[in-house]
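Structural overview for review
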Amino acid sequence: MKSNPKGISLIVPVFNEAEGIGRVLEQAEPVLRQTGLATEIIVVDDGSHDGTDVAAAQRPSVRLLRHNRNRGYGAALKTGIRHARYDLICITDGDGTYPNERIAELVDRLQTGSVDMVIGARLGRKAAIPWLRRPAKWFVNRFAAYVAGESIEDVNSGLRVFPRSVAIGLFHLLPDGFSFTTTLTLAMLGSGYLVDYVPIQYFDRVGKSKIRPIADTFAFLQLISRIALYFAPLRVFLPLSGALLLMALLWAGASAVAFGRVADASTAVIATAGVQLAAVGLLAELINGRLASGRDEDPEADF
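Note that the structure is a prediction, hence the values are computed from the model and not measured. Residue positions are given per chain, counting from 1 as you read along its sequence in written order. Local features in this predicted model are restricted to residues of pLDDT 70 or higher, and side-chain atom pairs are both shown and tallied only at a pLDDT of 80 or more, whereas totals for entire chains, interfaces and linings draw on every residue. Computation of side-chain values covers all heavy atoms of the structure but excludes hydrogens and water.

1. Considerations on the overall build of the protein
Here a helix means four or more residues in a row that DSSP labels H or I, a strand means two or more in a row labelled E, and each is numbered from the N terminus. Within the protein one finds ten helices and seven strands. Counting every position in the protein, which comprises 303 residues, the buried fraction comes to 47%. Of the contacts made within the protein by residues no fewer than 6 positions apart, 77% connect residues no fewer than 24 positions apart. To sort residues, take the accessible area from a 1.4 Å probe on protein chains only and compare it with the maximum for the residue type: under 20% means buried, over 50% means exposed, and anything in between is partly exposed. In what follows, a contact means two residues having at least one pair of non-hydrogen atoms within 4.5 Å.

Structure follows, in structure tokens:
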């Protein structure tokens, strides 16, 4: 598909959200009309077994897509994006945590603000983010900001608006799990797209959370590291190289004081490792630059 008509597709990925999906859809329908655009709502049932698909199908305005098995949050979003009719994509969750009445505001900011993606940033004391998750969220946001080289107010918010063509162009990077939104944020920033943030509230969810705080935080960090290597390798390799070279210098001084002579062999090994890391980082940066300059101008050509 080469182009999509002007409009907005709201995609709601769900897995066992029978308790909350009806309220989310009821809230979203009138808000989408406020945008003044052609609209559609796509619910992607990711292998639910609690009647979520039945609850969603009760609304005639909804297009229901189903996975035969649970494939993951990101996989559900990819399915929705592939099948979307319109050129703008809005995503939200089916558990009632996001203020979907703000969707029209996010769409307006995207259309008038000369940006490529608008994210609803869960900020403030009233945002109902569990205290157990807040330290991990803070650390992930800071690490992501370092990788991106700019401030990121909320790296993995699930309420956002972005162009369909951009997302499809990044599908080869976007994972099938919960890290989809984190990767999309970093991939767009790393590709030079402009991202804006709108502060929003975040409510207690309906039903049981599927987030695993410790395992998912480590997965996020691994993912951010992979994106850093893809888009900003020098931000990973140069600090490590500098640390090794500093370690070599300190070890040389310490060994001279402690043993009366520089431990030249071990110092040389550490220093050489530092130089090699710097060289690898420069090579990765060069390869990344060549790949970026050769990217296909039509990201939907293969879809």
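2. Some points on the nonpolar core
Only buried residues count toward a nonpolar core. Its members are Ala, Val, Leu, Ile, Met, Phe, Trp, Tyr and Cys residues joined through side-chain atoms within 4.5 Å. Core analysis: the biggest nonpolar cluster contains 37 residues, and I11, I81, I152, F162, L170 and L184 have the highest contact counts within it. Broken down by element, this core gets its largest block of residues, six residues, from helix α7 (residues 180-190). Excluding anything up to four places from it in sequence, I81 contacts I11, I89, F162, R164, A167, I168, F171 and F180. Residues V14, L37, A55 and L88 belong to the second largest nonpolar core, which totals 31 residues.

3. Considerations on the pairing of strand β5 (residues 117-122)
Working note: regular strand, side chains alternate between the two faces of the sheet. Of all six residues in β5, six are buried, a share of seventy percent or more. Residues M117, I119 and A121 line one face of β5 and the alternating positions V118, G120 and R122 line the opposite face, and both faces are buried. Only strands that DSSP links by at least two bridges are regarded as paired with each other. Judged from the two bridges that link them, β5 and strand β6 (residues 160-163) form a sheet pairing that is antiparallel. Along β6, the bridge assignment pairs I119 with R160.

4. Some details on unusual backbone geometry
Despite not being glycine, N16 shows a phi value in the positive range, around 55°. Counting through the fold element by element, N16 comes out in the loop between β1 (8-14) and α1 (21-33).

5. Remarks on the side chain of K78
You can see K78 is positioned in helix α3 (residues 73-83). If sequence neighbours within four positions are ignored, K78 has contacts with F171, L174, P175, D176 and F180.

6. Describing the pattern of salt bridges
Whenever Lys or Arg places a side-chain nitrogen within 4 Å of a carboxyl oxygen from Asp or Glu, that contact is recorded as a salt bridge. With the rule as written, the count across this model stands at ten salt bridges. Residue D87 pairs with K6 through a salt bridge whose shortest N-O separation is 3.8 Å. Here D87 is found in the loop between α3 and β4 (88-91), whereas its partner K6 is found in the segment before β1, with 81 residues between them in sequence. Exposure remark for D87: the relative accessible area of 21% places this residue in the partly exposed category. Between R59 and E29 there is a salt bridge, and its shortest N-O distance comes to 2.9 Å. Residue R59 is found in the loop between α2 (52-57) and β3 (62-67), and its partner E29 is found in helix α1; the two are separated by 30 residues along the sequence.

7. Concerning α1
Between the first and last C-alpha of α1 there are 19 Å, a value that for 13 residues agrees with the 18 Å anticipated at 1.5 Å per step. Among all positions in α1, only I21, V24, L25, A28, E29, V31 and L32 are buried. In the core, the buried residues of α1 are packed alongside β1, β2 (39-46), α2, β3 and α4 (103-112). In a helix, the anticipated span is given by 1.5 Å times the number of residues less one.

8. With respect to the packing of aromatic side chains
A pair of aromatic rings is counted whenever rings of Phe, Tyr or Trp (Trp by its six-membered ring) have centres within 6.5 Å, and the orientation is called stacked for planes under 30 degrees apart, edge-to-face for over 60 and tilted otherwise. The full count for this structure, using the stated rule, is three aromatic pairs. Ring centres of Y98 and Y202 lie 5.1 Å apart, and the angle between their planes is 70°; this geometry places the pair in the edge-to-face category. Highlighted residues: Y98 in the loop between β4 and α4 and Y202 in the loop between β7 (195-200) and α8 (213-231), separated in sequence by 104 residues. There is no split in this pair, since Y98 and Y202 are both buried. Between the aromatic rings of W251 and F259, the centroid separation amounts to 6.5 Å while the plane-to-plane angle is 70°, which identifies the pairing as edge-to-face. Judged by its relative accessible area of 33%, W251 falls in the partly exposed class. By definition, being over a ring means that NZ of Lys or CZ of Arg is both within 6 Å of the ring centre and within 35 degrees of the ring normal. Geometry around Y146 places R235 over its ring, the cationic atom sitting 5.6 Å from the centre.

9. Topic: the pairing of β3
Where β2 meets β3, six bridges bridge the pair, whose relative direction is parallel. Considered in β3, the bridge of V44 is made with L65. Orient the strands so they point away from the viewer, and a crossover whose first-strand-to-second-strand path over the helix runs clockwise is right-handed. Traced from β2 through α2 to β3, the parallel crossover comes out right-handed.

10. Details of the sheet that holds β5
Sheet architecture is open: seven strands sit in the order β3-β2-β1-β4-β6-β5-β7, paired in mixed fashion. Every other strand in the sheet has two partners, leaving β3 and β7 as the edge strands with one partner each. Averaged over neighbouring strand pairs, the angle between their axes works out to 25° when direction is ignored. Of the pairings in the sheet, the one linking β4 to β6 comprises four bridges and is antiparallel in character. Counterpart to I91 in the pairing with β6 is R160. Simply put, an axis is a line fit to the C-alpha atoms, just over the touching stretch for a helix, and the angle between two N-to-C directions goes from 0 to 180 degrees. Relative to the sheet, α1 contacts β1, β2 and β3, its axis offset from that of β2 by approximately 160°. Helix-sheet contacts for α3 involve β1, β2, β3, β4 and β6, and the interaxial angle to β2 is about 145°.

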